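# Tertiary structure, described
Here are the chains, one letter per residue:
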Amino acid sequence: MAEKPVTSATILARLGGLVDPGSGGLVPPLQASTTYVRGEDYNLVYPENSYGRDNNEQVRLAESLICQLEHGADTKLFASGMAAISTLVSALRAGECLLLQSGMYWGAVAWIRKFCKHRAIDLIEEDSSDTQRFCEFIQKKKPRLILIEVPSNPWIKLSDIQEIANAARTAGSALGVDATAATPILLQPLKLGADFVIHSATKAINGHSDVLAGVISCANEQDPIWRHVCEERQGAGAVLSPQAAWLLLRGMRTLDLRVEKMSSNALSVAEFLQDHPEIEAVWYPGIQQYAQYDLAERLMPNGYGCLMSFLFKGGKDAALEFCRHIEGIHRATSLGGTESLIEHRHTIEGNVTGCPDNLVRLSVGIEDIQDLISELDFALAKTR
Ligand code: PLP
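A short tour of the structure in this document, coming up. Here the structure is a predicted model, which is why all the values come from computation and not from measurement.

## Digging into the overall build of the protein chain
Looking only at helices and strands, one finds 14 helices and 12 strands in the protein chain. In terms of overall dimensions, the protein chain is globule-like: its C-alpha atoms have a radius of gyration of 21 Å, near the 21 Å expected for 384 residues. Summarising its shape, the C-alpha atoms of the protein chain cover approximately 75 × 50 × 40 Å along the three principal directions. The buried share of the protein chain, reckoned over its 384 residues, is 54%. For the protein chain, contacts bridging at least 24 residues in sequence account for 70% of all contacts bridging at least 6. In the form shown here, the protein chain has an accessible surface area of approximately 16,700 Å², with 50% of it arising from carbon and sulfur atoms.

Below, the structure is given as structure tokens:
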């Protein structure tokens, strides 16, 4: 008999080989029950199912598929990406240190700053793309938890996960990597030595802009931080609904295909933008002018994902004028959907991470590449 398929495309297209034992269907039935029956002996009729906050078949199926993609020991889904991040960070106690990459997703940064201040947690924000300096901080501060984002949003910086994981291990620190913009198809941080990988599954994992979800996978189920994550999700209740998990599974079937198309579209768009006279710089890991191109090739050899930022020579006014003239591509926040989205990031986040006001962030979707380039070209031509 052939060996079990292990490639992500095959796992996802077949939902891990699912056949519903109740009907023979190839699609999981939507089990929406919030509670499960007990027998006369008061034992659970199905021992794995007691109450909806922690027991749902669609949620478990989606978790097991993501766990396979990540090469993890365990995976838990949450009600949103922020629910996942906040649950992980809430493992820290007063007096402990959290080392955070500077310039991460601004919503996470804003929440973490407030949380750490209220809980007397020692928060340090440093640039993890400077590997040597970042590792020196790890040695010096021996943080309980290190949290980085690869690639970061919207700075599109990469971090040397392997080097940072080595330094973390020596210092007795745990390393978490938010790999939302990379997706589990293009980057598996656990294989590089990270302890946790986090995604906003709202983005490419679902991919259809119709589900809010978050996910964390771990390298070691016995890790005390992981035990906290599991207890806190069940206890505090930031769970994914069965309906959302069902939609997530539907979206995940095509994740591999979407990521491939988004990445090839994004590379073509970045190459087009980098030569344009109105553009000062393009931040995208796949182009040779990208400052960390060598690391990009090493970390993400199969593609660089959907997310890029580009900066206008004409400053904030030019960036906003470009956004005003764009037709077809929607002006909206978020990333990783089938549709491309454009955003003047400074308008959204203000000064939380120091995002330049001449920066436009683009999430490239799966549209026809010539359509995308013409839409960008049209708006650029009107931007003077
Ligand atoms: N992590 C990254 C990199 C993000 O971009 C976002 C949202 O944009 C989040 C986490 C938060 O995810 P959610 O919106 O699902 O809470």
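## Quick word on the sheet that holds strand β11 (residues 341-344)
Pairing in this open sheet of five strands is mixed, and the strands run β8-β9-β12-β11-β10 from one edge to the other. In this open sheet, the two edge strands, each paired with only one partner strand, are β8 (279-283) and β10 (330-331). Contacting β8, β9 (307-312) and β12 (359-363), helix α10 (residues 255-274) crosses the sheet at an angle of about 10° to β9.

## Digging into the environment of P184
Assignment of secondary structure puts P184 in helix α7 (residues 183-186). Among the residues examined, P184 registers a relative accessible area of 2% and is labelled buried. A sequence separation of 114 residues divides P184 from E70, and the C-alpha atoms of the two residues are 6.0 Å apart. Setting aside its immediate chain neighbours within four residues, P184 contacts L69, E70, H199, I205 and L255.

## Considering the site of the ligand
Surveying the vicinity of the ligand reveals 14 residues, the closest of which are G81, M82, D178, S200 and T202. Here an oxygen atom of the ligand sits 2.8 Å away from a polar atom, N or O, in the main chain of G81. S200 places a polar side-chain atom, nitrogen or oxygen, 2.8 Å from an oxygen atom of the ligand. Out of a free accessible area of 390 Å², the ligand has 91% covered by protein chains. No other element matches helix α3 (residues 81-89), which puts three residues into the shell around the ligand. Residues of the shell around the ligand, tallied by class, amount to five nonpolar, six polar and three charged.

## Focus on the pattern of salt bridges
Two side chains with opposite charge may pair up if their charged atoms get near one another. All chains considered together, the criterion is met by 12 salt bridges. For the salt bridge of E63 with R233, the shortest nitrogen-to-oxygen distance reads 2.9 Å. Of this pair, E63 sits in helix α2 (residues 57-70) while R233 sits in helix α8 (residues 224-236), and the two are 170 residues apart along the sequence. Side by side, E63 and R233 carry an identical accessibility label, which is buried.

## Overview of the side chain of S90
With respect to the element layout, S90 can be found in the loop between α3 and β2 (97-101). What S90 contacts, discounting residues up to four positions off in sequence, is F115, H228 and E232.

## Quick notes on the nonpolar core
The tendency in soluble globular proteins is for nonpolar side chains to be buried side by side. Formed by 96 residues in total, the largest nonpolar core has its most connected members in L175, M308, F310 and F322. Ranked by residues supplied to this core, first place goes to α10 with seven residues. Excluding its chain neighbours within four sequence positions, the residues that come into contact with L175 are I146, I148, I161, I164, A165, A168, A194, D195 and F196. Counting 28 residues, the second-largest nonpolar core is a separate cluster that includes M104, A108, I121 and I198.

## Points about helix α6 (residues 161-171)
For α6, the complete set of buried residues consists of I161, I164, A165, A167, A168 and A171. The buried residues of α6 occupy an angular sector of 165° when projected down its axis, which confines them to one face. Set apart from the buried face of α6 by more than 90 degrees, the exposed residues are R169 and T170. For α6, the elements touching its buried residues are α5 (131-141), β4 (145-149), β5 (174-178) and α11 (293-299). Note on α6: the residue one or two positions beyond its end, G172, has a positive phi of about 75°.

## Side note on the side chain of S217
Its location among the elements puts S217 in strand β7 (residues 214-218). There is a polar contact of 2.8 Å between the side chain of S217 and the side chain of T75. Apart from the residues within four sequence positions on either side, S217 is in contact with I66, E70, D74, T75, L190, D195, F196, V197 and W226.

## Describing the sheet that holds strand β3 (residues 122-126)
Taking strand neighbours across the sheet as the criterion, the seven strands line up as β1-β7-β6-β5-β4-β2-β3 in an open arrangement whose pairing is mixed. Looking at which strands have only one partner, the edges of the open sheet turn out to be β1 (74-78) and β3. Averaged over all neighbouring strand pairs, the angle between strand axes comes to 20°, with direction disregarded. Alignment of β2 against β3, held across five bridges, turns out to be parallel.

## A word on the pairing of β11
Successive residues of a regular strand alternate their side chains across the two faces of the sheet. Alternating residues of β11 divide into L341 and E343 and I342 and H344, and every residue in both groups is buried. Bridge analysis of β10 against β11 gives two bridges, and the strand direction is parallel. Its bridge partner being in β11, R331 is matched across the sheet by I342. In this sheet, β12 lies alongside β11 in antiparallel orientation, the contact comprising four bridges. Residue pairing in the sheet places E343 in a bridge with R361 of β12.

What counts, and at which threshold
- Residues numbered from 1 in each chain as written.
- Predicted model: local features only at pLDDT ≥ 70, side-chain atom pairs only at ≥ 80, totals over all residues.
- Heavy atoms only, no water.
- Helix = DSSP H or I, 4+ residues; strand = E, 2+ residues; numbered from the N terminus.
- Rg over C-alpha atoms; globule rule 2.2 N^0.38 Å.
- Buried < 20%, exposed > 50% of the residue type's maximum accessible area, 1.4 Å probe, protein only.
- Contact = heavy atoms within 4.5 Å.
- Areas by Shrake-Rupley, 256 points an atom, 1.4 Å probe, with all protein chains shown as cover.
- Pairing = 2+ DSSP bridges.
- Axes fitted to C-alpha atoms, helices over the stretch in contact; angles between N-to-C directions.
- Near = heavy atom within 4 Å.
- Polar contact = N/O pair within 3.5 Å; in protein donor to acceptor, adjacent residues only side chain to side chain.
- Nonpolar A, V, L, I, M, F, W, Y, C, P; charged D, E, K, R; others polar.
- Salt bridge = Lys/Arg side-chain N within 4 Å of Asp/Glu carboxyl O.
- Core = buried A, V, L, I, M, F, W, Y, C linked by side-chain atoms within 4.5 Å.
- Arc of directions from axis to C-beta.

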